[in-house]
Amino acid sequence: MLSHIQTVNSKLTTANCIHMSGNMNLTLKVWRQPNNDTKGSFVNYPAQNISPDMSFLEMLDVVNEDLVKKGEDPIHFDHDCREGICGMCSLHINGRPHGPKQAITTCQLHMRSFKDDQTITIEPWRATAFPVIKDLAVDRSAFDRIQRAGGFISVNTGGVPDANAIAIPKPVADEAFNSATCIGCGACVAACKNASAMLFVSAKVSQMALLPQGQPERYKRVQAMVAQMDEEGFGSCTNTGACEAECPKEIKITNIARMNRDFFTAKFFKQEEA
Amino acid sequence: MSKLKNTFSSSLGKKLIMALTGLFLCTFLVVHLIGNLQLFKADGGKAFNDYAYFMTHFTPIKVVSYLLYTSIIVHALYALMLTLANRKARPVSYGAYAGSANSPWTSRNMGILGTVLLVFIVVHMSNFWYEYHWGKVPFVEYRTDLTTGQTTQTELAAADFKDYVKYIDNGVEITRAKDLYATTAFAFQTWWLVALYVLGMAALSFHLIHGFSSAFQTLGWDHKKYVPLIKMIGIWGFGVLIPLAFAAMPLYFFFCI
Ligand code: HEM
Ligand code: SF4
Ligand code: FES
């Protein structure tokens, strides 16, 4: 809620902050790149009088307001909900996706996580499969195409079924729900030294593989989604665990084990359903 | 058939090959270590030379050894293929990359560690495997008095050696063999070779601290009880005990013999 209010009042807040003590002055080392076909480079910007209570994106808003006032091109970055649920915000901050904190998105990162006078390096997610749109904004539609390849269940819409008509053990439901919390942000790809999308794909495979409704297409789905993942040019997994450590939703790499299991089952043991 | 082809051309299929060849190499390590422990027997190398003959002449073991050579080559080739593909997946690297904040060093350096291992394997094979088959290994005769258990040994001239034999004559067991033990003892008088072997075993340690449990993750194991067990075996068994025991061999010959 707090971040909501701050977002709405961001202009007001910054205006009020100007004479407040405890504000920070920072140097931003920002990746600027006009488009995917042009080489990018780092450009330094001062970020002055930044309240430690601002979110990282609000800090960038302040810097951008300044740039616009000076007639310069503002820094492009992705964002939408600004409360950690949509997965739109990205940014590789000081060498880590979503910055130095665990289990949050960049919109949930506060400037109090940094020190006064610090230099902050800000880069886009870097992956062949995520081409740069502009500056820090990358095209993550590769994820959409993987989803379209199999990340769904085919059901008839009809009358509302009875509650609990389909029994699902609680631990299984919990596990499926945990997998389903993936917001498709791409931090796992950004963190992985191989730019592998295994954590994302395995979360999307798992959320359905675990539930009864997901069974009819279970083995078809995993093969189709893995094939699309490879097609998009993501790297392969070497089980470093970087994805799990950086995922804002704490998706576990046990999902990857589950996906591998289903994939090999489909390929080697399940002729009739595959 | 085309299904198999597209299984192994997928990233997961390639990983499966890495994991299976890697684990096969791990089982070999255990057998190799048990055999090599004969080096520590103070019997003038008799047990070790018997073992070397057995390993090179027992047909099932010979078959497995060709499987092993194939595994090493396939493992290294797929490692190269995957590493190149992974490079391509991120053509522009990060200006700042804090890998150590989210993943263990070993897991990020499997390719480098594997390359050190490959160099080691080539040197190791030319030191012993090549020498034993085609090189100049000395010959030895052991005479063991079966009532007293006393063994004496004499070096044999190449002219006096036809083939490995073991027979009993008048209560004395006579063994004539290629003296790979002497070759080993001689090789490990060279300090840099000893250093190279110790370095190779350090690389093996780090490669397997990550690799052993990683292979099971690739195969799809996520059992609450067994995965911690696999991690323990990977770290303490394959990461510590086995490389230490192997590294002890050149050090033993350099410092104690
Ligand atoms: C010939 C030299 C070698 C090279 C170039 C090499 C390279 C690699 C690479 C790049 C990986 C992938 C990293 C990963 O998946 O995390 C790997 C995995 C592995 N390697 Fe090696 N390696 C070599 C030798 C060995 C040896 C001698 C062993 C065992 C005695 C071994 C056991 C393993 C295991 C168990 C894995 C894990 C497979 C997996 O993660 O699915 N490797 N190796
Ligand atoms: S698995 Fe985690 S890091 Fe990857 S896309 Fe989903 S939420 Fe983001
Ligand atoms: S903007 Fe929606 S998660 Fe950050």
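Here's a quick rundown of the structure.

## A word on the site of ligand 2
Residues and elements named next belong to chain A.
Point 1. Around ligand 2 sit 13 residues in total, of which Cys182, Cys185, Gly186, Cys188 and Cys247 are the nearest.
Point 2. If you list the elements that add at least two residues to the shell around ligand 2, you get α6 (187–191) and α7 (198–209).
Point 3. Taken together, the residues of the shell around ligand 2 break down into 11 nonpolar, 2 polar and no charged.

## What about the site of ligand 1?
Point 1. Around ligand 1, the surrounding shell holds 27 residues, and the nearest of these are Lys15, His75, His207, Ser214 and Thr218 of chain B.
Point 2. Taken together, the residues near ligand 1 originate from chains A and B.
Point 3. In this structure, histidine 207 of chain B approaches ligand 1 through a side-chain N or O atom, which is 2.7 Å from a nitrogen atom.
Point 4. Measuring from an oxygen atom of ligand 1, one finds a side-chain N or O atom of histidine 210 of chain B at 3.2 Å.
Point 5. Counting residues per element, the ones that place at least two in the shell around ligand 1 are α2 (11–36), α4 (59–88), α6 (110–134) and α8 (191–219) of chain B.
Point 6. Top element by residues in the shell around ligand 1 is α8 of chain B. It accounts for 8 residues.
Point 7. Within the shell around ligand 1, the residues separate by chemical class into 14 nonpolar, 12 polar and 1 charged.

## With respect to the coordination of the iron atom of ligand 1
Residues and elements named next belong to chain B.
Point 1. Looking at the iron atom of ligand 1, one finds its protein donor set to be His75 (NE2) and His207 (NE2), positioned 2.0 Å from the metal centre.
Point 2. Viewed at the metal, the 6 donor atoms of the iron atom of ligand 1 are separated by angles of 86 to 179°, and the geometry they form is octahedral. Taken together, the positions of histidine 75 in helix α4 and histidine 207 in helix α8 put the pair 132 residues apart, joining distant regions of the chain.
Point 3. On the basis of relative accessibility, which here comes to 14%, the residue histidine 75 falls in the buried class.

## Remarks on the interface of chain A and chain B
Point 1. In this complex, chain A contributes 50 residues to the contact, which on the side of chain B involves 38 residues.
Point 2. With both chains or domains summed, chain A and chain B bury close to 3400 Å², and 53% of this area falls on carbon and sulfur atoms.
Point 3. Where chain A meets chain B, there are 1 salt bridge.
Point 4. When the shortest N-O distance is used, the salt bridge between aspartate 222 of chain B and arginine 261 of chain A registers 3.0 Å.
Point 5. The tally of links between chain A and chain B comes to 28 residue pairs in polar contact (both at pLDDT 80 or more).
Point 6. Looking at the side of chain A that touches chain B, the element that brings in the most residues is helix α10 (residues 254–269) of chain A, giving 11 residues.
Point 7. Split by residue class, the side of chain A that touches chain B holds 25 nonpolar, 16 polar and 9 charged.

Rules used in this analysis
Residues numbered from 1 in each chain as written. Chains lettered and ligands numbered in written order. Predicted model: local features only at pLDDT ≥ 70, side-chain atom pairs only at ≥ 80, totals over all residues. Heavy atoms only, no water. Near = heavy atom within 4 Å. Helix = DSSP H or I, 4+ residues; strand = E, 2+ residues; numbered from the N terminus. Nonpolar A, V, L, I, M, F, W, Y, C, P; charged D, E, K, R; others polar. Polar contact = N/O pair within 3.5 Å; in protein donor to acceptor, adjacent residues only side chain to side chain. Donors = N, O, S within 2.8 Å, 3.2 Å for Na, K, Ca; no water. Tetrahedral: all angles 85-135°; square planar, octahedral: opposite > 155°, others 65-115°. Buried < 20%, exposed > 50% of the residue type's maximum accessible area, 1.4 Å probe, protein only. Contact = heavy atoms within 4.5 Å. Buried area = accessible area lost by both parts, 1.4 Å probe. Salt bridge = Lys/Arg side-chain N within 4 Å of Asp/Glu carboxyl O.

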